[in-house]
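Topology and contacts: notes
Residue-level listing of the chains:
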Amino acid sequence: MKSIWQAGIDNPCNFPALADDIETDVVIVGAGITGLTTAQQLIESGKRVVILEAHCVGSGCTGGSTGNLYSPVSAGLAQTGVKWDDDTLRAIVQARAGAINLIEETVRRFNIDCQFKRVPLYRLLTENDQKSADALEAEHEAMVQAGLNAKSFTDMALPFSITHGVSVDHQAQFNAFHYVQGLAKVISQHGVNIYEHSPVRDIDYKHCIVRTDSAQVKATDIVLATHTPKGVNMLQTGMIASREYGVSAKLNTESFPDGIFFMLDSFHSVRSYCLNGENYIMAIGEKHQTGEDQSERERYQALRSYLSAHFDVGEFEYEWSAQQYSSGDGLPYIGRTFASDHVYVATGFAADGLTWGTVSGMMIADLIEGRDNAWYRCFDSQRFTPVNSAGHWLKENMSVAKHLIKDHLGTKKLKELDEIAPGQAKVATLHGEKLAVYRNEAGNLSVLSAVCPHLKCVVHWNDAETTWDCPCHGSRFDIQGEVIEGPSLHPLEHRHSD
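Residues numbered from 1 in each chain as written. Predicted model: local features only at pLDDT ≥ 70, side-chain atom pairs only at ≥ 80, totals over all residues. Heavy atoms only, no water.

As annotated in an unreviewed UniProt entry, the chain carries the name FAD-dependent oxidoreductase and comes from Vreelandella nanhaiensis.

Here's what the structure looks like:
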């Protein structure tokens, strides 16, 4: 099933694949909200810009998002404040508020039909738990300290019994997929060359050349707007890749109130959406580390059960998932890479990617143009924060080491491929090689190397989305081995099925 955001669009983008070698000022890898915002900012300064997208505009994390835009962060400003001072919290709020304002201005300026509207953000408790109540009160205080007009309350008309809540007005919601589709059409009309179905296979940092399967782009600057840097990058050692899921169903009763609802007891994000005149309700949650779940399909079922327990809903029509990358110190990495002063990254957005992606586009454009940016001090991708990042770094690298050892030594041996039944997938050792084997319901067999080309971890099967997911740094591959997302530049290698 697809996300609700991709429904209801009559004329999606249709850009060609890169076929010939070209030169430009800036080449951007990735046509999500980060890449398109960067391009929009740069063309207004007269830069020549090329965008390379491996799939389709907005089809990655942008198209699988919540559509929520907010000045604080989903993990909470109080939690962020454990590692950072009040000035940093205020910078977070100011930067993210500025990004929301830019999105609103862009929607109005170019008349993009994406249902943008200002709504409140709510953080809600549904149980009488003193520890959780104290944490929510601490969040309220952190919001106020960061400059937000946050309000505390104990009652609200919802299908949930609310024991305590905090609200912040003037946040926003929109359809992010429709937004980037509209923005791509606008900037392409203003000179940006966008190429879809053009996955990048190699990056020459020294000469600023980006290569696809059939051609290359030579530029002065490269922007990796790919949610995590492509190829091997030291930032990946300090980030944890996670997946989160969403489901949506039509409401049988009257519409749910507008707003961003963070249900904190067992974290879920709930919101409503109007599609073709019908009111829908959705829930997002069930987060887990990429490649480390026993059954992703059960995550969808848990969300369906959650919505059914609280709302009068019809058939579940949409379900989707998206990837997150969480930094060690709780802030995104935005700016130049260590590899080159002419290569830029934007990563570590956690669950707040739409707003951070827009912040990144603004910041990177300023860096390329040599303009001052008040937020660069906080989010500099070359910052060194060993104290704030130590726990996160240790967790990620212990996980990588575990999988490198366990998965390479622990896969079961397969005598022959006929052991794989229709609808079954398995990582196994056959003739001394680790293979990722899948047989579809029609009996057709796909046999791939199970070793991720990025850093040689062994992939795991995702039973909900029929993909091979790497538990080390989040690379994901379809059943033909092609890269869906993550740092890997190359697909899983094909093996003969006989």
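**A few points about the environment of Phe 15**
Within the secondary structure, Phe 15 is located in the segment before strand 1 (22-23). Classification of Phe 15 by relative accessible area gives buried; the value is 14%. Sequence separation between Phe 15 and Ala 436 is 421 residues; the distance between their C-alpha atoms is 33 Å. Ignoring anything within four residues of it in the chain, the contact list for Phe 15 reads Val 57, Ala 184, Ser 188, Ile 194 and Glu 196. (Helix = DSSP H or I, 4+ residues; strand = E, 2+ residues; numbered from the N terminus. Buried < 20%, exposed > 50% of the residue type's maximum accessible area, 1.4 Å probe, protein only. Contact = heavy atoms within 4.5 Å.)

**Concerning the sheet that holds strand 12 (residues 221-224)**
The six strands lie next to each other as 8-3-2-12-19-18, forming an open sheet whose pairing is mixed. A strand with exactly one partner marks an edge of an open sheet, and here the two such strands are strand 8 (193-195) and strand 18 (333-336). When the angles between neighbouring strand axes are averaged without regard to direction, this sheet yields 15°. Note: strand 2 (residues 26-29) against strand 12, four bridges, orientation parallel. The partner of Val 27 across the bridge, within strand 12, is Ile 222. (Pairing = 2+ DSSP bridges. Axes fitted to C-alpha atoms, helices over the stretch in contact; angles between N-to-C directions.)

**Side note on helix 3 (residues 86-110)**
Its 25 residues place the ends of helix 3 36 Å apart at the C-alpha level, agreeing with the 36 Å of an ideal helix rising 1.5 Å per residue. Backbone geometry just downstream of helix 3 places Asn 111 in the positive-phi region, at approximately 55°. (Expected span 1.5 Å × (residues − 1).)

**Thoughts on the domain arrangement of the chain**
Domain annotation of the chain identifies domain 1 (4-379) and domain 2 (387-497). Averaged C-alpha coordinates put domain 1 and domain 2 at centres separated by 27 Å. Across the boundary between the two partners, domain 1 contributes 36 residues, which contact 34 residues of domain 2. For the pairing of domain 1 and domain 2, the buried interface totals around 2,800 Å² over both sides, and the portion due to carbon and sulfur atoms is 46%. When the area that domain 1 buries against domain 2 is broken down by residue, the three leading residues are Arg 201, Thr 237 and Ile 240, summing to 20%. Across the domain 1-domain 2 interface, the total number found is three salt bridges. Two residues, Arg 243 and Glu 465, come together in a salt bridge whose shortest N-O distance is 3.7 Å. Listing elements by their share of the side of domain 1 that touches domain 2, those giving two or more residues are strand 9 (200-204), strand 13 (240-251), helix 6 (296-310) and strand 17 (313-326). Broken down by class, the residue content of the side of domain 1 that touches domain 2 amounts to twelve nonpolar, 15 polar and nine charged. (Domains from an automatic or database assignment. Buried area = accessible area lost by both parts, 1.4 Å probe. Salt bridge = Lys/Arg side-chain N within 4 Å of Asp/Glu carboxyl O. Nonpolar A, V, L, I, M, F, W, Y, C, P; charged D, E, K, R; others polar.)

**Considerations on the pattern of salt bridges**
Pairs can form between side chains of opposite charge whenever their charged atoms are close. Going through the model one piece at a time under the given rule, you end up with 22 salt bridges. In this structure, Arg 90 and Asp 87 form a salt bridge, with 2.6 Å as the shortest nitrogen-oxygen distance. Here Asp 87 and Arg 90 lie together in helix 3, a separation of three residues that amounts to about one turn. Classification of Asp 87 by relative accessible area gives partly exposed; the value is 45%. Between Glu 485 and Arg 476 there is a salt bridge, and its shortest N-O distance comes to 2.7 Å. Here the two residues Glu 485 and Arg 476 agree in accessibility, since each one is buried.

**A closer look at the nonpolar core**
In terms of nonpolar packing, the biggest core is built from 70 residues, with Ile 51, Leu 77, Phe 174, Tyr 179 and Phe 379 touching the most fellow members. With ten residues, helix 3 is the single largest residue contributor to this core. The contact partners of Phe 379, leaving out residues within four places of it in the chain, are Ala 91, Ile 92, Ala 95, Leu 331, Pro 332, Tyr 333, Ile 334, Trp 356 and Met 363. Membership of the second largest hydrophobic core comes to 24 residues, among which are Phe 153, Tyr 300, Tyr 306 and Val 313. (Core = buried A, V, L, I, M, F, W, Y, C linked by side-chain atoms within 4.5 Å.)

**Some details on the packing of aromatic side chains**
As enumerated under the stated definition, the model contains 17 aromatic pairs in all. Look at Tyr 122 and Phe 153: their rings are 6.2 Å apart centre to centre, the planes differ by 90°, and that puts the pair in the edge-to-face class. Taken together, the residues Tyr 122 in strand 5 (residues 117-125) and Phe 153 in strand 6 (residues 150-153) connect sequence positions 31 residues apart. Its relative accessible area of 13% is what places Tyr 122 among the buried residues. (Phe/Tyr/Trp six-rings, centres within 6.5 Å; stacked < 30°, edge-to-face > 60°.)

**Section: helix 6**
For helix 6, spanning 15 residues, the distance from its first C-alpha to its last is 22 Å, which sits close to the expected 21 Å at 1.5 Å a residue. Among the residues making up helix 6, those that are buried are Glu 296, Arg 299, Tyr 300, Leu 303, Arg 304, Tyr 306 and Leu 307. All buried residues of helix 6 project into a common sector of 155° when viewed along the axis, lining one side. Looking at helix 6, the residues exposed on the side facing more than 90 degrees away from the buried face are Glu 298 and Ala 309. Packed against the buried residues of helix 6 are strand 13, strand 14 (260-263), strand 15 (268-275), strand 16 (278-289), strand 17 and strand 23 (460-462). (Arc of directions from axis to C-beta.)

**Structural notes on unusual backbone geometry**
At Asn 276, a position not held by glycine, the phi torsion is positive, near 55°. Mapping Asn 276 onto the fold places it in the loop between strand 15 and strand 16. Here Ala 350, not a glycine, exhibits a phi torsion of approximately 55°, which is positive. Relative to the helices and strands, Ala 350 is located in the loop between strand 19 (343-347) and helix 7 (353-369).

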